Amino acid sequence: MRLKIEHVGRVVRVRLHRPEVLNALDTELMTELVDALTPLDRDRDVGCFVITGSERAFAAGADITEMSEKSAADMMTEDFFAGWEDFAALRTPKIAAVAGYALGGGCELAMMCDLIIAADNSKFGQPEITLGVIPGIGGTQRLTRLVGRAKAMDMILTGRLIDAAEADRIGLISRVVPADRLLAEATEIAEQIAGYGKLAVMAARDCVDRALETGLGDGIRYERRAFHALFATDDQKEGMRAFLEKRPPTFTGE
Ligand code: CO8
């Protein structure tokens, strides 16, 4: 097994576990991850995923050993790494808790998550250019949308690594925390999100991501439809009644 999975209440924590290669992401790991999370994504009792690695590496990229001798025909016919989009498409919120290296596919995996909580020792980069290739799991697209063209070009054309402070400054990550608090802080945030109504949470993250894909008018109409639809849920009634009755809400995911 390349993963360690742990349930903490409504939160599911997934630890990538290939320490001998700094959690290099091979096809087997990708398949295990998608197979494990797909049924949990549909489970009302699961409110948030936390994806983490080791203290030394979140993931040091796609597995170079697996890729190195493949031909272009192999890559095309296998549609190599297309399965990562199944991970990106999971609707339950995903928090990447990153310590150490998040490079290449590791940085791309973090960017597929909804929040990136980074330890103060973390390093992010897209060093594929140093291997004679380019990012291939969405890096040229997601990084550019997240941090803008100037910083994306800098990272992708030079391959330089940036530290947590710079990643925070350019908007790549959500929060920086002390390394020894990483998992605790990420889990607390996950528990907070998992405590809200799952239908509203799924709608919220879907609408935010829609902003990366559509024009403003379409995005606003999309958001309004999602907002209107939430008035069919018990959680909307409960949330608003609880506010008016000055008590904490109890969300059921209905
Ligand atoms: N793949 C396979 N093995 C790796 C990888 C990797 N990405 N990264 C590290 N390892 C292995 C090393 O080979 C080494 O193995 P061994 O002990 O057998 O020699 C072990 O992990 C430990 O690594 P190091 O000895 O290198 O550790 P250091 O602390 O000296 O260095 C670094 C750490 C800086 C992270 C270094 O390992 C490194 O530069 N790694 C590669 C980073 C990289 O280039 N990542 C990008 C990979 S390519 C990618 O992600 C593109 C995706 C495109 C997919 C396209 C699909 C269509």
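Residues numbered from 1 in each chain as written. Predicted model: local features only at pLDDT ≥ 70, side-chain atom pairs only at ≥ 80, totals over all residues. Heavy atoms only, no water.

Engineer: Outline the layout of surface pockets, supporting the account with residue identities and numerical values.
Structural biologist: If you roll a probe as big as a water molecule over the atoms, it shows you where there is empty space left. By volume, the largest pocket is sized at about 810 Å³. What lines the largest pocket is a set of 29 residues, among which M111, C113, D114, D209 and L212 lie closest to the centre. The set of elements that each furnish at least two residues to the lining of the largest pocket consists of α4 (84-88), α5 (105-112), β7 (115-119), α6 (139-147) and α10 (198-210). Residue composition of the lining of the largest pocket, grouped by class: 16 nonpolar, four polar and nine charged. Looking at the lining of the largest pocket, you find at least three residues from each of domain 1 (3-194) and domain 2 (197-245). Lining the second largest pocket are 26 residues, and of these A62, M67, M75, V133 and I134 sit closest to its centre. For the lining of the second largest pocket, the secondary structure elements donating two or more residues are α2 (64-67), α3 (72-78) and α5. (1 Å grid on protein atoms, 1.4 Å probe; cavity = no way out; pocket = protein on both sides within 12 Å on 5 of 7 lines; lining within 4 Å. Points joined across faces, edges and corners; volume = space filled by probe spheres on them. Helix = DSSP H or I, 4+ residues; strand = E, 2+ residues; numbered from the N terminus. Nonpolar A, V, L, I, M, F, W, Y, C, P; charged D, E, K, R; others polar. Domains from an automatic or database assignment.)

Engineer: Quick one: what's the story with the nonpolar core, residue by residue and with numbers?
Structural biologist: Judged by nonpolar contacts, the single largest core of 46 residues is most densely connected at L37, I51, F58, W84, F87, F124 and L172. Here this core gets six residues from one element, more than from any other, and that element is helix α1 (residues 27-41). Excluding residues within four positions of it along the chain, I51 makes contact with V14, L16, L37, F58, F87, I95, A96, A97 and C113. If you look at the next biggest cluster of nonpolar residues, it comprises 16 residues, including V177, L182, A186 and A194. (Core = buried A, V, L, I, M, F, W, Y, C linked by side-chain atoms within 4.5 Å. Buried < 20%, exposed > 50% of the residue type's maximum accessible area, 1.4 Å probe, protein only. Contact = heavy atoms within 4.5 Å.)

Engineer: Describe the pairing of strand β3 (residues 48-52), listing the residues and the values that go with them.
Structural biologist: Across the five residues that make up β3, a large majority, five, are buried. When strand β2 (residues 11-16) meets β3, the two strands line up parallel, connected through five bridges. Paired with R13 across the strands is V50, a residue of β3. Since β2 and β3 lie parallel, the crossover through α1 that links them has a hand, and here it is right-handed. Here four bridges tie β3 to strand β5 (residues 94-98), and the two strands are oriented parallel to one another. (Pairing = 2+ DSSP bridges. Right-handed = clockwise from strand over helix to strand, strands pointing away.)

Engineer: Run through the sheet that holds strand β9 (residues 162-163), naming residues and quoting values.
Structural biologist: Strand order in this open sheet of four strands is β4-β6-β8-β9, and the pairing throughout is mixed. Edge strands, defined here as strands with exactly one partner in the open sheet, are β4 (57-59) and β9. Summarising the sheet, strand β6 (residues 101-103) and strand β8 (residues 123-125) pair through three bridges and their orientation is parallel. Looking at the pairing, A102 lines up with F124 of β8. Across the sheet, α5 lies against β4, β6 and β8, angled at about 90° from β6, the strand it touches most. (Axes fitted to C-alpha atoms, helices over the stretch in contact; angles between N-to-C directions.)

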